[in-house]
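An overview of the molecular structure
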Amino acid sequence: MKKGALPTALIAGLLLMTGCGPKAITVGSRPFPARHPVFSDASGKALEGLPEADGTIRLVFLEFPWCPPCADVWRALRTAAAPFPPGTVRIYRVLFDREMALSPDGRQEVPPLHPAPLPEAGASEDPGALKVTTLSALPGAFRKEFRVSQGPVLLLLDAGGKVERRWIGYSTGLSRELSSEIRNRSLALSPRSPGT
């Protein structure tokens, strides 16, 4: 065997094996539907994918109950959608109802200590432009399929379900970026006049 042939073959084999494992949600990917159920809806029905597109601009928000920046992302979403007509943006809110806890027995999934409430509709800062569909990530299945372990994660989907933008965490410019993305994708829509 030639010198260097073994490491090259080993690297090639490892690269092939990584393609068979769980997939990360990346820009350009079409994560849903998954190969098996990864969500449940409000009725408890297991789902492989998101509900059908309804003509709105679609965002998937992966929200963790232990994630303080998730509240900042909600504020950014409301601020970004404020100038647009009601129902312009659909948020698929994916809640993780399990957390990883360390104990003397090792790592285990447990129910969250403090589930995150949905931002209240009708609040003075909520313009009504957001439609929210809440789904729960199935314990273990979602993480195993998509390798998501940190939050918040916000995905902007095109009409076919492909990820066009991805934000991880929160930044102060998020609402400005989201507003620009909404405006660019809603050419037929015109923003509401201030104060209406």
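Read on for an overview of the structure. (Residues numbered from 1 in each chain as written. Predicted model: local features only at pLDDT ≥ 70, side-chain atom pairs only at ≥ 80, totals over all residues. Heavy atoms only, no water.)

1. A word on the environment of Gly87
For the record, the criterion: Numbering of helices and strands runs from the N terminus; a helix is a DSSP stretch of H or I covering at least four residues, while a strand is a stretch of E covering at least two.
Turning to its location among the elements, Gly87 is positioned in the loop between helix 2 (69-81) and strand 4 (89-96). A C-alpha to C-alpha distance of 7.1 Å links Gly87 and Thr56, two positions 31 residues apart in sequence.

2. Section: the packing of aromatic side chains
Any aromatic ring pair is given by two values, namely how distant the centres are and how the planes are angled relative to each other. Quick reminder of the rule: Pairing of aromatic side chains here covers Phe, Tyr and the six-membered ring of Trp, requires ring centres within 6.5 Å, and sorts the geometry by plane angle: under 30 degrees stacked, over 60 edge-to-face, intermediate tilted. With a 1.4 Å probe rolled over the protein chains alone, any residue whose accessible area is under 20% of its type maximum counts as buried; one over 50% counts as exposed, and the rest are partly exposed.
If you walk through the whole model with that rule in mind, you get 6 aromatic pairs. Measuring from ring centre to ring centre gives 5.2 Å for Phe32 and Phe39, while their planes differ by 45°; the resulting arrangement is tilted. Assigned by exposure class, Phe32 and Phe39 land together as buried. Consider the rings of Phe142 and Phe146, whose centres lie 4.9 Å apart with planes at 50°: the pair is tilted. Here Phe142 and its partner Phe146 are both found in helix 3 (residues 141-146), 4 residues apart, which amounts to about one turn of the helix. You can call Phe146 buried: its relative accessible area is 1%. Linked through ring pairs, Phe32, Phe39, Phe142 and Phe146 together constitute an aromatic cluster.

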